[in-house]
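Residues per chain, in single letters:
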Amino acid sequence: DTGVSQDPRHKITKRGQNVTFRCDPISEHNRLYWYRQTLGQGPEFLTYFQNEAQLEKSRLLSDRFSAERPKGSFSTLEIQRTEQGDSAMYLCASSLQGLDYGYTFGSGTRLTVV
Amino acid sequence: AQSVSQHNHHVILSEAASLELGCNYSYGGTVNLFWYVQYPGQHLQLLLKYFSGDPLVKGIKGFEAEFIKSKFSFNLRKPSVQWSDTAEYFCAVRNTGNQFYFGTGTSLTVIP
């Protein structure tokens, strides 16, 4: 168990560019979550997967955001036509199915849009 | 909509002082309650959680929290803080839909 891995750790991009982040969850965890955290705020839910199925999406997830988990293992989060307001820490977490389990968070990808 | 309120945004304590961080949530149904800690430069880590049973739960590093249903509160406590407790603390609520709602966090600075 190597924990939840996120790549890259930091990403600086110009406004209007597309970016993609990757998350590798704990191998036996079938649930995977994406959160966004801005300075001075707690993490805000974006979306989550159970295996390869995307079960819920937040209203925060505009049409420019898309997430996939094609084989039920790693996940990618893509932001198209980035805006300065997208600058944030993007957190991935994973868990086992069931309400008795908490999340294990990754270290996050810090996105800066200039 | 559900919300989680953490009233203390920034707390500064001397070592050995006692700590209590407030957390209130708004949700009338069954909830699970959590406290997460984020040390400088590190990822969020689970401190403790409450699902059911004894409303006083003990977590790692000497932390504990008490669930008071009538007050919709889940305050975090530690009798004697250490410099190494300097971190950001987040209260979180999870509803039956398995979605977490986090508070805005409390930044704790412990002065040696």
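## What to know about the overall build of chain B
Within chain B, the regular secondary structure consists of 0 helices and 12 strands. The order of α-helices and β-strands along chain B, N terminus first, is β-β-β-β-β-β-β-β-β-β-β-β. Rg of the C-alpha trace for chain B: 13 Å, near the compact-globule value of 13 Å for 112 residues, within the 12% margin. The principal-axis extents of the C-alpha atoms in chain B amount to approximately 40 × 25 × 20 Å. Expressed as a percentage of its 112 residues, the buried residues of chain B come to 46%. The long-range fraction of contacts in chain B, counting pairs at least 24 apart against all pairs at least 6 apart in sequence, stands at 53%. For chain B, the accessible surface area stands at approximately 5200 Å², while carbon and sulfur atoms represent 54% of it. Separation between the mean location of the 8 positive side-chain charges and that of the 7 negative ones in chain B comes to 8 Å.

## So, the environment of Tyr25(B)
Residues and elements named next belong to chain B. Assignment of secondary structure puts Tyr25 in strand β4 (residues 24-26). Judged by its relative accessible area of 6%, Tyr25 is buried. What Tyr25 contacts, discounting residues up to four positions off in sequence, is Ser3, Val4, Val31, Leu33, Phe67, Phe72, Ser73 and Val93.

## A closer look at the state of the cysteines
Defined simply, a disulfide is a covalent bond joining two cysteines at their sulfur atoms. Tallying each qualifying case throughout the model produces 2 disulfides over all chains. Between the sulfur of Cys23(A) and that of Cys92(A) lies a disulfide, 1.8 Å long from S to S. One quick way to see it: the torsion about the S-S bond of Cys23(A) and Cys92(A) is about -70 degrees, and its sign makes the bridge left-handed. Of this pair, Cys23(A) sits in strand β3 (residues 19-24) while Cys92(A) sits in strand β9 (residues 88-95), placing them 69 residues apart in sequence. Given the relative accessible area of 0%, Cys23(A) is considered buried. A sulfur-sulfur distance of 1.9 Å marks the disulfide that ties Cys23(B) to Cys91(B). Its torsion about the S-S bond being -65 degrees, the disulfide of Cys23(B) and Cys91(B) is classed as left-handed. Of this pair, Cys23(B) sits in the loop between β3 (19-21) and β4 while Cys91(B) sits in strand β10 (residues 87-94); the two residues are 68 residues apart in sequence, bridging distant segments of the chain. Here the two residues Cys23(B) and Cys91(B) agree in accessibility, since each one is buried.

## Some thoughts on the packing of aromatic side chains
All names here are of chain A. Per the counting criterion, the structure on display carries 23 aromatic pairs over all chains. Judged by centre distance (5.2 Å) and plane angle (25 degrees), the ring pair of Tyr33 and Tyr48 falls under stacked. Residue Tyr33 is found in strand β4 (residues 31-37), and its partner Tyr48 is found in strand β5 (residues 44-50); the two are separated by 15 residues along the sequence. Classification of Tyr48 by relative accessible area gives buried; the value is 5%. Where Tyr35 meets Phe105, the ring centres are 6.2 Å apart and the plane angle is 65 degrees; that geometry is what we call edge-to-face. A residue pair is termed long-range when its members are at least 10 positions apart, and Tyr35 in strand β4 and Phe105 in strand β10 (residues 104-105) qualify at 70 residues. In this pair, the class of Tyr35 matches that of Phe105, namely buried. Its end group placed over the ring of Phe74, Arg22 keeps NZ or CZ at 3.9 Å from the ring centre.

## Looking at unusual backbone geometry
Note the cis peptide between Asp7(A) and Pro8(A), where omega equals -5 degrees. Take Pro8(A): it is sitting in the loop between β1 (5-7) and β2 (10-13). Non-glycine residue Arg81(A) carries a positive phi angle of around 50 degrees. Mapping Arg81(A) onto the fold places it in the loop between β8 (75-79) and β9. Given a relative accessible area of 46%, Arg81(A) falls into the partly exposed group. Residue Phe72(B) is not a glycine yet carries a positive backbone phi of 50 degrees. Tracing the sequence through the fold places Phe72(B) in the loop between β8 (64-68) and β9 (73-78). Overall, Phe72(B) belongs to the partly exposed group, its relative accessible area being 36%.

Cut-offs applied
Residues numbered from 1 in each chain as written. Chains lettered and ligands numbered in written order. Predicted model: local features only at pLDDT ≥ 70, side-chain atom pairs only at ≥ 80, totals over all residues. Heavy atoms only, no water. Helix = DSSP H or I, 4+ residues; strand = E, 2+ residues; numbered from the N terminus. Rg over C-alpha atoms; globule rule 2.2 N^0.38 Å. Buried < 20%, exposed > 50% of the residue type's maximum accessible area, 1.4 Å probe, protein only. Contact = heavy atoms within 4.5 Å. Areas by Shrake-Rupley, 256 points an atom, 1.4 Å probe, with all protein chains shown as cover. Lys, Arg positive; Asp, Glu negative; His and termini not counted. Charge placed at Lys NZ, Arg CZ, Asp CG, Glu CD. Disulfide = S-S within 2.5 Å. Phe/Tyr/Trp six-rings, centres within 6.5 Å; stacked < 30°, edge-to-face > 60°. Lys NZ or Arg CZ within 6 Å of the ring centre and 35° of its normal.

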